[in-house]
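As a plain string of letters, each chain reads:
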Amino acid sequence: MDANLPLRLELTGITKQFPGVLANDHVSFSVRPGEIHALLGENGAGKSTLVKMIYGIMQPDAGEIRWDGQPVSIPNPKSARKLGIGMVFQHFSLFEALTVLENIALGMDAKIPSRLLEAKIREVMNQYGLKLDPHRVVSTLSVGERQRIEIVRALLLTPKLLIMDEPTSVLTPQEVDQLFIVLRKLAAEGCSILYISHKLHEIKALCDTATILRAGKVVDTCDPGIETSRSMAEKMIGGNLKDIVKQGGRSLGEPAFTISHLSLPAAGPFGTDLEDISFSVRKGEVFGIAGVAGNGQNELLLALDGEVASAPGAIAMDGHPVGQLHTSARRKRGLCAVPEERNGHAAVGDFTLSENTVLTARNRLGMVSAGLIKAGAARTFTGEVIAAFAVKALGPGATAGSLSGGNLQKYIMGREILQKPTVLVVNQPTWGVDAGAAAAIHQALVDLAASGSAIVVISQDLDELLSLCDTLAVINEGRLSARMNVGEVSVEEIGLLMGGVHGTPEETHIAPGGEHAVPA
Amino acid sequence: MLYAAPVAAVLLTMVLGAIIFSLMGYNGVGAVIEIFTRPITNPLKWQDLGIKAAPLVVIGVGLSIAYRANVWNIGAEGQYIAGAMAGTAVALLTMSMEGPWILPAMIVAGVLGGMAWGAIPALLKTEFAVNEILTSLMLNYAIVHLLYFLLRGPWRDPMGFSFPQTSLFTPSQSLPYLWQGTIMHWGVPIAVIVALVAWFVMSRSVFGFQIKVVGAAPSAARYGGFSTRNTVWLALLVSGGLAGLAGILEVAGPFRQMVPGFPTGYGFTAIIVAFLGRLNPLGVIVAGIVLAITYVGGEVAQTTIGLPSAATGIFQAMMLFLLLAGDILVRYRLKAVRPATAGETA
């Protein structure tokens, strides 16, 4: 990299005020041409706001953005793209029923004839080794392939700065390696990359520089190659990171939750059929289900917690068949659950936290008498959840929608865990949750298991499953693999199962000496 | 902002109404003053307000519960007529009897009649996924024809000179007046009690919680153990039952017999009442009075300044339009955009 080149992007004193929150407080950092620059921070640290201002979705209240040395203002995403800024969002904006080509054409600022566009797409894909058939319908693609559409869409504009927002949260380890090869190649050609992630080992593996934000301020700019994951995490949270404490000599008890030959047809055209799923979780055991998003995890959670009924004998708690029981009846028997989607599924955004407590805890904790809700009992319990899980909220009367994603997740996890379930099923327990909060949630899950509950953790985050679970299996296209003991299984093995039939042989090729180590 | 939109809607209705009727050559400002202030300033009109507001409040309370559950019952008019007809059927069967049980029996029949008419869209929605807006709306017209048939045939008063109407109800079949010499009947306090009970149930009970959570987030409701199907039934039975109650109170109160002119559109106006009252039973009381003012004031304006009778409907409709528009503007802001932003993917 030539030190004489002007900085690709330079932010000086960027400040953005929202009602009640200073989202960015005099943020300054710079990105050199060809640099892979990580933006790290907890939820609510101001990363998204900052990136939105760079991409023109929001305007800073104060401060200066310089592009290739020139001060610029970026009034909208279109002008950002004109400057050469591309962005790949965490949540894809794709139409499932359209083809890859049609989706890309819809997203282009300029209208290009589709044959010309297809040629350009193929050129970009060949250049970066991105495998994708432009005529495939999006609904048939894996999440990794869908992300490639977004990347191709950004690369078609030959960007000089590519912003990637949490790109690996939905990928298999092999897909992550593949993505990193593309990003390194881009960087080598001079494209700068602003990489937002909370996966610290990835940042160590990929990035040249890391800027760490905390509460809207830059707390440090460091070299991730020198720092350890732990030191970066501690800078992020501004304190010491707690390790999960597992009590030794824990013995697993009788099977508490047994699934045998569970099959369910998909609810809609884009759902996944569940096919012959069987597993059993013992008292005190944490059982993990790994897999890439969209392989039946949501369908499985709905079947396990009773939102969708199944064959009577397919699901049993302590030997009693519960497959036909609805959620309330299963809760009374001791089964609590946390679905992946926080807003509108696990919680109602317009309702207060107290009311959201009534949603799932009313029967187990005696919050109803004679058909009336005991608001006082709900408020007290909500207060306990807020205190025990350090939920940042104005109190039990705050609406769920006013909480940040991570805080809402802490509240939801707390609400279910403090009901002391005998079986707890959670889907993506720490999705979008910062390192400090994730550690607290993990510890609470481990403690609950230690007290004798059976726990099922469905997650796309392999690191999470490996550190949390005693045993795990992999779900792919609605089928569950055999169960494996954590500690006897390699990340590569799990990754291959996760890839399933989606991956081509080249994609699932195991790179020798990969940087993933399995914690024993 | 939640309560500012209805107030703004009413005020804007007055302003726009004044402009529209001025452009049509009437005394627009005078018309608005007649319609909106005369019923309040003239104490003689207060009991008119009460008896107009009562059915609107009873129906509006039921609709506010259904709408909270995202169940769009547009058939309150039909359920109101069905309730009145069921009560009338009991009255016609008990013409030669006497006793304090007759009126309560009519009221129970009225509630059941409204529920039965509400059950049809509930059944179609839960069993065959038919949109309840269409079915409940169409059933309004079906019941009117059933009413006309009965009044011209089996129910016609044999002593009524062939007029298509029933015999007058006996005193045991009529709703008593609150005070002798007034037209204020027991329907008025019943309406207030219905609204207060509904407010308590909606804010404190598991039933109210179920209605609200199903309406706000169906997936969360399912996760919390509330069945959507069950809620659709409850919403339509409660709103149908209350519309039926309003119907029997109206026929046993002011009408005291069933006539072809019984359907006056209260079931439709109550939709405006429910929205203007913010789907809150206490708000519905206030909104019911506001709409009653437009009815009573509209009649005043017909005689004093010769406004056409359709003026009332125009004011009521404007109120709903402006309220719905106001709600959108409270949530969203108008922004001028250039047309060339079709390719945005953010």
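What comes next concerns the included structure. (Residues numbered from 1 in each chain as written. Chains lettered and ligands numbered in written order. Predicted model: local features only at pLDDT ≥ 70, side-chain atom pairs only at ≥ 80, totals over all residues. Heavy atoms only, no water.)

### A word on the overall build of chain B
At step 1: Each helix and strand counted, chain B has 13 helices and zero strands in total.
At step 2: Going from N to C terminus, chain B has its helices and strands arranged as α-α-α-α-α-α-α-α-α-α-α-α-α.
At step 3: Computed over the C-alpha atoms, the radius of gyration of chain B is 21 Å, within 12% of the 20 Å expected from 2.2 N^0.38 for a compact globule of 346 residues.
At step 4: Dimensions of chain B, computed from C-alpha atoms along their principal axes, come out at roughly 75 × 55 × 35 Å. (Helix = DSSP H or I, 4+ residues; strand = E, 2+ residues; numbered from the N terminus. Rg over C-alpha atoms; globule rule 2.2 N^0.38 Å.)

### Digging into the pattern of salt bridges
At step 1: As enumerated under the stated definition, the model contains 24 salt bridges over all chains in all.
At step 2: Each of Arg8(A), Asp68(A) and Lys160(A) takes part in salt bridges that share partners, so that together they form one network. (Salt bridge = Lys/Arg side-chain N within 4 Å of Asp/Glu carboxyl O.)

### Section: the interface of chain B and chain A
At step 1: Tallying the contact residues gives 22 residues for chain B and 38 residues for chain A.
At step 2: For the pair chain B and chain A, the summed buried surface comes to about 2,300 Å²; carbon and sulfur atoms form 59% of the total.
At step 3: Taken together, the connections running from chain B to chain A amount to one salt bridge.
At step 4: Here Arg222(B) makes a salt bridge to Glu307(A), at a shortest N to O gap of 3.1 Å.
At step 5: Linking chain B to chain A there are eleven residue pairs in polar contact (both at pLDDT 80 or more). (Contact = heavy atoms within 4.5 Å. Buried area = accessible area lost by both parts, 1.4 Å probe. Polar contact = N/O pair within 3.5 Å; in protein donor to acceptor, adjacent residues only side chain to side chain.)

### Here's the deal with the packing of helix H13 (residues 405–417) of chain A against helix H14 (residues 435–450) of chain A
All names here are of chain A.
At step 1: Direction vectors running N to C along H13 and H14 enclose 10°, while the axes themselves pass 11 Å from each other. In this view, H13 runs roughly parallel relative to H14, as classed from their interaxial angle. Facing Gln 409, Lys 410, Met 413 and Ile 417 of H13, the residues of H14 in contact are Ala 437, Ile 441, Ala 444, Leu 445 and Leu 448.
At step 2: Taken together, the residues of the contact of H13 with H14 break down into seven nonpolar, one polar and one charged. (Axes fitted to C-alpha atoms, helices over the stretch in contact; angles between N-to-C directions. Parallel < 35°, antiparallel > 145°, perpendicular 65-115°, else oblique. Nonpolar A, V, L, I, M, F, W, Y, C, P; charged D, E, K, R; others polar.)

### Quick notes on the sheet that holds strand S12 (residues 274–282) of chain A
At step 1: Strand order in the open sheet made by the four strands is S12-S11-S14-S15 (chain A), with antiparallel pairing throughout. A strand with exactly one partner marks an edge of an open sheet, and here the two such strands are S12 and strand S15 (320–321) of chain A. (Pairing = 2+ DSSP bridges.)

### Comments concerning the sheet that holds strand S8 (residues 192–196) of chain A
All names here are of chain A.
At step 1: Ordered in space as S6-S7-S8-S3-S9-S10, the six strands form an open sheet in which the pairing is mixed. Of all strands in the sheet, those with a lone pairing partner are strand S6 (85–88) and strand S10 (217–222), marking the two edges. For this sheet, the mean inter-axis angle between neighbouring strands, taken without regard to orientation, is 20°.
At step 2: For strand S9 (residues 209–214) and S10, the ladder comprises five bridges, and the chain directions are antiparallel. Its bridge partner lying in S10, Arg 214 is registered against Lys 217.
At step 3: Sitting on the sheet, helix H1 (residues 47–54) is in contact with strand S3 (36–41), S6, strand S7 (161–165), S8 and S9, with an inclination near 140° to S3.

### Quick notes on helix H8 (residues 229–237) of chain A
Residue and element names in this part refer to chain A.
At step 1: Inspection of H8 places Met 232, Ala 233 and Met 236 among the buried residues, and these make up the whole buried set. Buried residues in H8, looked at end-on, bunch into an arc of 100°, giving them a common side.
At step 2: Buried residues in H8 make contact with S3, helix H7 (200–206), S9, S10 and H14.
At step 3: After H8 finishes, the residue Gly 238 shows a positive phi value of roughly 70°. (Buried < 20%, exposed > 50% of the residue type's maximum accessible area, 1.4 Å probe, protein only. Arc of directions from axis to C-beta.)

### What to know about the nonpolar core
At step 1: Residues Ile59(B), Val61(B), Tyr67(B) and Met106(B) are the most contacted members of the largest nonpolar core, which totals 95 residues.
At step 2: Ranked by residues supplied to this core, first place goes to helix H3 (residues 46–68) of chain B with 13 residues.
At step 3: Those residues in contact with Tyr67(B) that lie beyond four places of it in its chain are Trp72(B), Asn73(B), Ile74(B), Ile271(B), Ala274(B), Phe275(B) and Leu279(B).
At step 4: By size, the runner-up hydrophobic cluster in this structure holds 65 residues, among which are Ala346(A), Leu403(A), Ile417(A) and Tyr223(B). (Core = buried A, V, L, I, M, F, W, Y, C linked by side-chain atoms within 4.5 Å.)

### Remarks on the packing of aromatic side chains
Residue and element names in this part refer to chain B.
At step 1: In total, this model carries 15 aromatic pairs over all chains according to the counting rule given.
At step 2: Ring geometry for Tyr 266 against Tyr 295: centres 5.7 Å apart, planes inclined by 85°, an arrangement best described as edge-to-face. Highlighted residues: Tyr 266 in helix H11 (residues 266–276) and Tyr 295 in helix H12 (residues 281–305), separated in sequence by 29 residues. A single burial state applies to Tyr 266 and to Tyr 295, both of which are buried.
At step 3: Three or more aromatic residues link up through ring pairs in this structure, and these residues are Tyr 80, Phe 255, Phe 262, Tyr 266 and Tyr 295.
At step 4: Its guanidinium or amino end placed over the ring of Tyr 295, Lys 52 lies 5.5 Å from that ring's centre, counting from NZ or CZ.
At step 5: Taking NZ or CZ as reference, Arg 152 lies 5.4 Å from the ring centre of Tyr 148, over its face. (Phe/Tyr/Trp six-rings, centres within 6.5 Å; stacked < 30°, edge-to-face > 60°. Lys NZ or Arg CZ within 6 Å of the ring centre and 35° of its normal.)

### Here's the deal with a nonpolar patch on the surface
At step 1: A cluster of nonpolar side chains, Leu12(B), Val15(B), Leu16(B), Ile19(B), Ile20(B), Leu23(B) and Met24(B), forms an exposed patch at the surface whose accessible area comes to about 630 Å².
At step 2: Along the chain, Val15(B) turns up in helix H1 (residues 4–23). (Patch = residues over 30% accessible without salt bridge, like charges linked within 9 Å, V, L, I, M, F, W, Y side chains within 5 Å. Areas by Shrake-Rupley, 256 points an atom, 1.4 Å probe, with all protein chains shown as cover.)

### Considering the environment of Lys82(A)
At step 1: Its place among the elements puts Lys82(A) in helix H2 (residues 77–83).
At step 2: For the pair Lys82(A) and Glu10(A), spaced 72 residues apart in sequence, the C-alpha separation works out to 17 Å.

### Considerations on H13(A)
Note: α-helices contain 3.6 residues per turn, so residues at a spacing of three or four share the same orientation.
Residue and element names in this part refer to chain A.
At step 1: If you check H13, its first and last C-alpha atoms are 18 Å apart, about what 13 residues at 1.5 Å a residue would give, namely 18 Å.
At step 2: Along H13, twelve of the 13 residues are buried, which leaves the element largely enclosed by surrounding structure.
At step 3: Those residues of H13 that fall on the buried side of the exposure criterion are Gly 406, Asn 407, Leu 408, Gln 409, Lys 410, Tyr 411, Ile 412, Met 413, Gly 414, Arg 415, Glu 416 and Ile 417. (Expected span 1.5 Å × (residues − 1).)

### Some remarks on the side chain of Thr88(B)
At step 1: Tracing the backbone through its elements, the reader meets Thr88(B) in helix H4 (residues 76–93).
At step 2: With residues up to four places along the chain from it excluded, the contact list for Thr88(B) reads Trp155(B), Thr166(B), Phe169(B), Ile248(B), Val251(B) and Met258(B).

### What to know about the pairing of strand S4 (residues 62–67) of chain A
Residue and element names in this part refer to chain A.
At step 1: Note: strand S1 (residues 9–18) against S4, five bridges, orientation antiparallel. Pairing of Thr 15 across the sheet is with Ala 62, part of S4.
At step 2: The pairing of S4 with strand S5 (residues 70–72) spans three bridges and is classified as antiparallel. In the strand pairing of S5, Trp 67 is matched with Gln 70.
At step 3: Hairpin connection of S4 to S5: two residues between the antiparallel strands, including Asp 68 at a positive phi of 50°.

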